[in-house]
Each structure stands twice: as C-alpha cells, then as structure tokens.
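Residue-level structure breakdown
One letter stands for each residue in the lines below.
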Amino acid sequence: MIAFGTVVYNNAIPYFTEFIESIKKQSYKDFTLLIINDDVLIDDLQNKLNDLNVDNYIIISNADGKSPVELRVKLLEEAKKNNFDLLIIGDCDDKFALNRVEKIVSSYEKNLNLTFFYNDLLQFNKQRVMEDLPYTTTCINNILESNYLGLSNTAINLKTISIQFIESLIECNSFVFDWYLFSRILLNGGQGIFVPDTYTLYRIYENNYAGLNNVTEEQIYKEYDVKKKHFTLLSQYDDVFKILLKRYQVLNLEQYKQYSNNTGFWWSNIKLL
C-alpha cells in the first residue's frame, strides 16, 4: 500500500488547491492521501477536499499544538501504523510532476531493499534548486556537511524502518528535521537512490527555513547555528559529529570555507572536513 503524506497548516492554505490538483492528476492513481492537520479547522479542511473532489484520503487531526518536528514524526508514525509500505512525502505548499508517484513507485518496486528515494527539486520557473544530485546515497558522508534530501522530494520504504526507530526521532530539536531524519536513516544502515525524469516544484518564500543556498552573512550565521545543533544531536550516534562539533565551536566565521565546486546543496557554505 502506498501513501502520499503531507502536513497541512493555515499559512499554506493559499497554495493547497495547487497542491491537491497536482495530486489528483498523478498518472499513478493507486495511493492514499495521508494528511496530518496542524491548525486548520477540520470542517474547513473537509469542505476544501470535498470542493476539490478528493477521494481516498485520511485526515489525522489530533495535532494538539505539536511542533513542526512532532507533526512530521506523527506523519511517519501514522503511515507505519496504517500499514503503508511506501510513504511519498510532499509539502502542501509545493506541486509535483504528474508522474512523480509513478516514477517513485517504479523505482521502489525495483529496489525493495532500499530505504529511501529522492527526485529533482525545481523552482516554479523550472530552474533547479540543486544541480547534479548523486545517483545513490549510501553513507553519512554523502550528507555530512550539507543536505539535498528534503521533505518534499523524498519517499521512504516503511518496511525497512521500525516504529521504535520512528518514535526515537522525537528527540530532534532542530528546525532542519529533514537533514536529521535522513542522517539517522543512513547511520542506521539505510540507503537511497535518485529517481530521474520527475520532480518537485519547490515554493521559495518566507516559510521555507532553508530556501535557496545564498552566500550572505545572514545565511552563514544561520548555517553555523543549524550545524552546531545538528552535530550535537548526532554526536551520540557517530564520533565524526563530535569532531565536527568541536571544529564548529571554535570556527571563525570570517574565514569560512566554501565548496570548490558548490553544488547548491542546503547548508553547503561552510566545509570543515
């Protein structure tokens, strides 16, 4: 069984119709829309789905003031508890190529041993957010100091992770849950593969914490703070994060190092290893 999962919140409602239209028009139809409702009135959400003629969906509305991280952990938990095999993830303010579900399902069926799948991320003008995503992601070194695996261009093979693993993710106190999630999966032995010929249209606006990889003083300081928290969280799982944390704690931000061939991955302005 396949789910397309998202978290719905009031600030994204202006974009929700576009999101739903791209879901309804998917070339592959045999999936359930799994919605974790943050703060939208349930009657309003239900009426919106009815007006858009959406069927085959599940709404989980007991958000109870959960944080963004808790809502996304809940999405994974509900997908696992409802016995879905594959969870395709998409932000409710984004849109998707009409073959995204089809392409991901096809790759999943050919690679049942893999834990996750990821596709291109484009701006709405069709320019790539990140160039040259690697064909495979097999170890933590792939996303050690930067990230290309977001919660709108990935899918997770739920058969390869346990409910206990999902529940353990609640410890994350970082804004960049996507980076933490896939780091934990890789540290747990999971691997992933790129799905070509499809894409997510990624909406760049004030609600995107990462946005584009711009080299500005503000972005450098934001990246520095993100990485210290990220490395602190993961230092209990691998000593390489302890090394990175020590180096970042004494880093002079005026002398940060950039990738020589900057890929535009998220959090890629500073490199110490």
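See the structure printed just above.
A separate point is the overall build of the protein chain. Helix and strand content of the protein chain: eight helices and nine strands. The C-alpha radius of gyration of the protein chain comes to 18 Å, within 12% of the 19 Å expected for a compact globule of 273 residues. For the protein chain, the spread of C-alpha atoms along the three principal axes comes to 55 × 40 × 35 Å. For the protein chain, the residues scored as buried account for 54% of the 273 residues in total. Taking all contacts inside the protein chain whose residues are at least 6 apart in sequence as the whole, residues at least 24 apart take part in 79%. Counting only carbon and sulfur atoms, one obtains 45% of the accessible surface of the protein chain, whose full area is about 12,400 Å². In the protein chain, 27 side chains carry a positive charge and 35 a negative one; their mean positions are 4 Å apart.

Let's shift gears to the packing of aromatic side chains. For the structure shown, the criterion picks out 16 aromatic pairs. Between Phe231 and Phe241 the ring centres are 6.0 Å apart and the planes differ by 35°, which places this aromatic pair in the tilted class. Taken as a pair, Phe231 in helix α7 (residues 217–234) and Phe241 in helix α8 (residues 239–249) lie far apart in primary sequence, 10 residues in all. Residue Phe231 is classed as buried on the basis of its relative accessible area, which comes to 0%.

Moving on to the side chain of Ser235. The topology assignment puts Ser235 in the loop between α7 and α8. A relative accessible area of 15% places Ser235 in the buried class. Residues contacting Ser235, with those up to four places away along its chain left out, are Phe241 and Lys242.

Further remarks concern the nonpolar core. Judged by nonpolar contacts, the single largest core of 60 residues is most densely connected at Ile156, Phe177, Leu181 and Phe182. The dominant element in this core, judged by the number of residues it contributes, is helix α6 (residues 177–187), at seven residues. Residues contacting Phe182, with those up to four places away along its chain left out, are Phe116, Ile143, Leu149, Gly150, Leu151, Thr154 and Ile156.

In terms of residue burial, strand β9 (residues 192–201) counts as a mostly covered element, since seven of its 10 residues are buried. Taken together, the two bridges between strand β5 (residues 95–96) and β9 define a ladder with antiparallel strand orientation. The residue bridging Phe96 from the neighbouring strand is Thr200, located in β9. Pairing between strand β6 (residues 116–122) and β9: six bridges, direction parallel. Considered in β9, the bridge of Leu121 is made with Thr200. Bridge analysis of strand β7 (residues 136–137) against β9 gives two bridges, and the strand direction is antiparallel. The residue of β9 that forms the bridge with Thr136 is Ile193.

With respect to the helices and strands, the residue Pro14 is situated in helix α1 (residues 13–24). Residues Pro14 and Thr216, 202 residues apart in the sequence, show an inter-C-alpha distance of 29 Å.

Angle between the axes and distance between the axes are the two parameters that describe a pair of packed helices. In contact at an axis separation of 11 Å, α1 and helix α2 (residues 42–51) are set at 40° when each is read in the N-to-C sense. The orientation of α1 relative to α2 falls into the category oblique. Classified by chirality, the crossing of α2 by α1 is right-handed. Judged by residue contacts, Phe16, Thr17 and Ile20 of α1 engage Leu45, Lys48 and Leu49 from α2.

The next subject is the environment of Thr6. As for its position among the elements, Thr6 is in strand β1 (residues 2–8). As for Thr6 and Asp225, which are separated by 219 residues in sequence, their C-alpha atoms are 27 Å apart. When near neighbours in sequence (up to four residues on either side) are disregarded, Thr6 contacts Phe19, Leu34, Ile35, Ile36, Leu75, Gly90, Asp91 and Cys92. In this structure the side chain of Thr6 is engaged in a polar contact, spanning 3.2 Å, whose partner is the backbone nitrogen of Cys92.

By the definition in use, this model includes zero disulfides. The thiol sulfur of Cys92 is not disulfide-bonded, and the nearest other cysteine sulfur, from Cys172, lies at 19 Å. Accessibility expressed as a relative area gives 2% for Cys92, which makes it buried.

About the criteria used
- Residues numbered from 1 in each chain as written.
- Predicted model: local features only at pLDDT ≥ 70, side-chain atom pairs only at ≥ 80, totals over all residues.
- Heavy atoms only, no water.
- Helix = DSSP H or I, 4+ residues; strand = E, 2+ residues; numbered from the N terminus.
- Rg over C-alpha atoms; globule rule 2.2 N^0.38 Å.
- Buried < 20%, exposed > 50% of the residue type's maximum accessible area, 1.4 Å probe, protein only.
- Contact = heavy atoms within 4.5 Å.
- Areas by Shrake-Rupley, 256 points an atom, 1.4 Å probe, with all protein chains shown as cover.
- Lys, Arg positive; Asp, Glu negative; His and termini not counted.
- Charge placed at Lys NZ, Arg CZ, Asp CG, Glu CD.
- Phe/Tyr/Trp six-rings, centres within 6.5 Å; stacked < 30°, edge-to-face > 60°.
- Core = buried A, V, L, I, M, F, W, Y, C linked by side-chain atoms within 4.5 Å.
- Pairing = 2+ DSSP bridges.
- Axes fitted to C-alpha atoms, helices over the stretch in contact; angles between N-to-C directions.
- Parallel < 35°, antiparallel > 145°, perpendicular 65-115°, else oblique.
- Left-handed = near helix turned anticlockwise from the far one by under 90°.
- Polar contact = N/O pair within 3.5 Å; in protein donor to acceptor, adjacent residues only side chain to side chain.
- Disulfide = S-S within 2.5 Å.

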